[in-house]
Each structure stands twice: as structure tokens, then as C-alpha cells.
Amino acid sequence: MADRFPEITSVKEFIRLRESEAPAEYNRSAWATMPLPVWWDLVRNHPEMRFWAAHNRTVPSEILTELIKDPDWRVRDRVASKTPFQLAGSRGSLG
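Overview of the structure. Quick caveat: nothing in here was measured; it's all calculated off a predicted structure.

1. Observations regarding the environment of Phe 14
Summarising the element assignment, Phe 14 is placed in helix α1 (residues 11–19). On the basis of relative accessible area, Phe 14 is assigned to the buried category, the value being 0%. Sequence-distant contacts of Phe 14, that is, excluding residues within four places in its chain, are made with Ile 8, Ser 29, Met 34, Leu 42, Met 49, Trp 52 and Ala 53.

Next up, the structure:
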């Protein structure tokens, strides 16, 4: 399903999509891929978006490894709810 949605290319775009009231836009924030540097910028500089980063179906395992250490239990819970396949991602396993 991720291939249905164009890649998100910036943190600003991710936040705009996530905060949109249009279902097509906030769904894109949950399914579209992003380049790894954009992921890192999002989780390092926008703590209010960490839950939504964990919610994304294409979040890389490197980012999940960071998010599982989040002080907010909701972020950790979202990471823990991922299936083993989602946790392994296309880049290897967590750990």
C-alpha cells in the first residue's frame, strides 16, 4: 500500500500532512516513505511528532530502535505494536 502514496520529502511536509483534516493527507503521513535523513530530522527535532513517526507503516528499523527508548509510553507502545515483519523492515532487524 505504501507504493500508492508519493514519498514525503521533508519534515515540514510530514507535519502538514499529519495535521491535515483531509483523510487522503493524514493517511499519506501514515503510509508514505521518507528518506532516512528526513526521519532523523523528524524524531530528533520534533518530539511532538514521535508518536506519529512510530505510527507510520514504513518507518525504518533504525528509527524504531530510537523510538522504543522514548520517555512517552504511547510512543513505546506504538513501536511495540508493530508486527515482527514491520520491526525487521527492509534494512535488517532491531537490536
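Structure shown, so let's carry the discussion forward.
2. What to know about the side chain of Lys 82
Along the chain, Lys 82 turns up in the loop between α6 (73–80) and α7 (84–88). Despite being buried, Lys 82 has no salt bridge partner; Asp 77 is the closest side chain of opposite charge, sitting 11 Å away. A distance of 2.8 Å separates a polar atom in the side chain of Lys 82 from the backbone oxygen of Ala 54.

Calculation notes
- The residue numbers shown here count from 1 along each chain, following its written sequence.
- With pLDDT at 70 or above as the cut-off, local features in this predicted model cover only qualifying residues; side-chain atom pairs require 80 or more to be listed or tallied, and sums for whole chains, interfaces and linings still use all residues.
- The side-chain quantities take in all heavy atoms of the structure and omit both hydrogens and water.
- Put simply, DSSP marks the helices as runs of H or I at least four residues long and the strands as runs of E at least two long, and each gets a number from the N terminus on.
- Three labels apply to residues, based on accessible area from a 1.4 Å probe with only protein chains included: buried if under 20% of the type maximum, exposed if over 50%, partly exposed otherwise in between.
- By definition, residues are in contact when any of their heavy atoms lie within 4.5 Å.
- Positive residues here are Lys and Arg, negative ones are Asp and Glu, while His and the chain termini are left out of the count.
- Put simply, a salt bridge is a Lys or Arg side-chain nitrogen that is within 4 Å of an Asp or Glu carboxyl oxygen.
- Counted as a polar contact is a pair of N or O atoms within 3.5 Å, where, for protein atoms, one must be capable of donating a hydrogen and the other of accepting one, and residues adjacent in sequence contribute only when both atoms are in side chains.

So yeah, pure geometry; function would need other evidence.
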